[in-house]
Amino acid sequence: MRRTQRWSAAALAAVTGVIMSAGSALAAAPTNDVSSSPVAIGTLPFTTTIDTSEATTDADDAALNGQCGAPATDASVWFTVTPTKDGDLFADVSGSDFTAGVIVAQGTGGSATVVSCGAQGTGWTAVAGETYTILAFDDQTDGGGNGGSLALTVNAAPTLDLVATVDHTARFDRKTGSAYVSGTVTCPADAESAFVNVGLTQRVGRLLISGSGSTDVACTGEAESWTVLVVGDNGIFKGGKAASVTSAFACSALACGEYVDEQTVQLKGRTR
């Protein structure tokens, strides 16, 4: 049975005044609160600050987070970006006044495929012309959905400092014909992985002997020695000059770096 509530004019005026006063004090939900109305990011770098204290979370958030596993996706807001060129991009929310997280997915809406996610920010390798969804949210597990002042920056990923050297003299094994190329690599201690790859070519008579090899290296912030064993694919290396192409790579959670060196090395024999 429907109940009709009757209010006196004075009571109605008083309640209306309270409602209007309370409404003016509340922040409105952001326009990009749901996946169907994301903010489209144009030119990079892109920076924005949004009040997400009235933002919500829904099934689309949960669908994306099912591929990521963040503690929570409270007070979430949506963005899309379609880069005009290939390259590594980074979405940074570390400047927010609350603990924020980011999910990046290829496609749009809750059915997009997650390519990267992380607390405070995350990076990914973007393909020109592809549309990526960026979901930024409060990742605290209190369930309050409180959010706050979200600061988002999307830009080219920062470059990790990486320096490598290659010794001008390399060694080769007189019995096997394998070459040993050495040098040093310096990369930040927060790098999670790093390796050196060496390609070597040498003219031996009418043949152009070529081969390659690689090794993992440690990143300590100091110069660390490395040695790569190179086995010829079509013959054995001899004493004399050889052309080397050495590439060093290292990546941290936020950035990657590459160093390439091309030079002539002198192969000298060594016994086992």
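Rules and cut-offs
Residues numbered from 1 in each chain as written. Predicted model: local features only at pLDDT ≥ 70, side-chain atom pairs only at ≥ 80, totals over all residues. Heavy atoms only, no water. Helix = DSSP H or I, 4+ residues; strand = E, 2+ residues; numbered from the N terminus. Buried < 20%, exposed > 50% of the residue type's maximum accessible area, 1.4 Å probe, protein only. Contact = heavy atoms within 4.5 Å. Areas by Shrake-Rupley, 256 points an atom, 1.4 Å probe, with all protein chains shown as cover. Core = buried A, V, L, I, M, F, W, Y, C linked by side-chain atoms within 4.5 Å. Phe/Tyr/Trp six-rings, centres within 6.5 Å; stacked < 30°, edge-to-face > 60°. Pairing = 2+ DSSP bridges. Axes fitted to C-alpha atoms, helices over the stretch in contact; angles between N-to-C directions.

1. Some details on the overall build of the protein
Counting its secondary structure elements, the protein contains 2 helices and 17 strands. The burial tally for the protein puts 40% of its 272 residues in the buried class. Of the contacts formed within the protein by residues at least 6 apart in sequence, a portion of 71% connects residues at least 24 apart. By element, 51% of the accessible surface of the protein is carried by carbon and sulfur atoms, the whole surface being about 14400 Å².

2. Digging into the nonpolar core
As a rule of thumb, nonpolar side chains are buried together in soluble globular proteins. Counting 28 residues, the largest nonpolar core has Val181, Leu200, Trp226, Val230, Ala250 and Leu267 as its most contacted members. Of all elements in the fold, only β10 (163–166), β11 (169–173), β12 (179–186), β13 (193–204), β15 (224–232), β16 (240–251) and β17 (256–270) reach the threshold of two or more residues within this core. Among the elements that line this core, the one with the most residues is β13, at 4 residues. Those residues within four positions of Val230 in sequence are excluded, and the remaining contacts are Ser178, Ala179, Val181, Val198, Leu200, Gly211, Ser212, Gly213 and Phe237. With 23 residues, the next largest nonpolar core counts Val77, Phe98, Trp124 and Ala136 among its residues.

3. Examining the packing of aromatic side chains
Going through the model one piece at a time under the given rule, you end up with 3 aromatic pairs. Consider the rings of Phe46 and Phe79, whose centres lie 6.2 Å apart with planes at 65°: the pair is edge-to-face. Residue Phe46 is found in strand β2 (residues 46–51), and its partner Phe79 is found in strand β3 (residues 74–81); the two are separated by 33 residues along the sequence. Residue classification places Phe46 among the buried residues on the basis of a relative accessible area of 16%. Both rings, one in Phe195 and one in Phe249, keep their centres 5.1 Å apart while their planes meet at 25°; by these two values the pair is stacked. Taken together, the residues Phe195 in strand β13 and Phe249 in strand β16 connect sequence positions 54 residues apart.

4. Topic: the sheet that holds strand β9 (residues 149–156)
Here 4 strands make up an open sheet; going across it, the order is β2-β9-β4-β7 and the pairing antiparallel. With one partner strand each, in any of the chains shown, β2 and β7 (121–126) form the two edges of the open sheet. Averaged over all pairs of adjacent strands, the angle between their axes in this sheet comes to 15°, without regard to strand direction. Note: strand β4 (residues 87–92) against β9, 4 bridges, orientation antiparallel. Bridge pairing links Leu89 to Ala156 in β9.

5. As for the environment of Gly123
Assignment of secondary structure puts Gly123 in strand β7. Considering only alpha carbons, one finds Gly123 and Asp88, 35 residues apart in sequence, at a separation of 6.9 Å. Look past the residues within four positions of Gly123 in its chain and what remains in contact with it is Leu89, Phe90 and Ser116.

6. A look at unusual backbone geometry
Cis peptide bonds are those with omega within 30 degrees of zero, and the linkage from Leu44 to Pro45 qualifies with 5°. Mapped onto the fold, Pro45 is located in the loop between β1 (39–41) and β2. The residue Gln120 is not glycine, and still its phi comes out positive at about 75°. Residue classification places Gln120 among the partly exposed positions, given a relative accessible area of 31%.

7. Quick notes on the environment of Val265
You can see Val265 is positioned in strand β17. The spacing of Val265 and Thr169 is 96 residues in sequence and 5.5 Å in space, taken between C-alpha atoms. In this view, Val265 contacts Val166, Asp167, His168, Ala170, Leu200, Gly240, Lys241, Ala242 and Ser244; residues no more than four positions away in its chain are not counted.

8. Topic: the sheet that holds β1
Across the sheet, which stays open at both edges, the 5 strands sit in the order β1-β3-β8-β5-β6 with mixed pairing between neighbours. Each edge of the sheet is formed by a strand with only one pairing partner; in this case those strands are β1 and β6 (113–119). Each strand axis lies, on average, 25° off the axis of its neighbour in the sheet, ignoring direction. Bridge count between β3 and strand β8 (residues 132–138): 6 bridges; the pairing is antiparallel.

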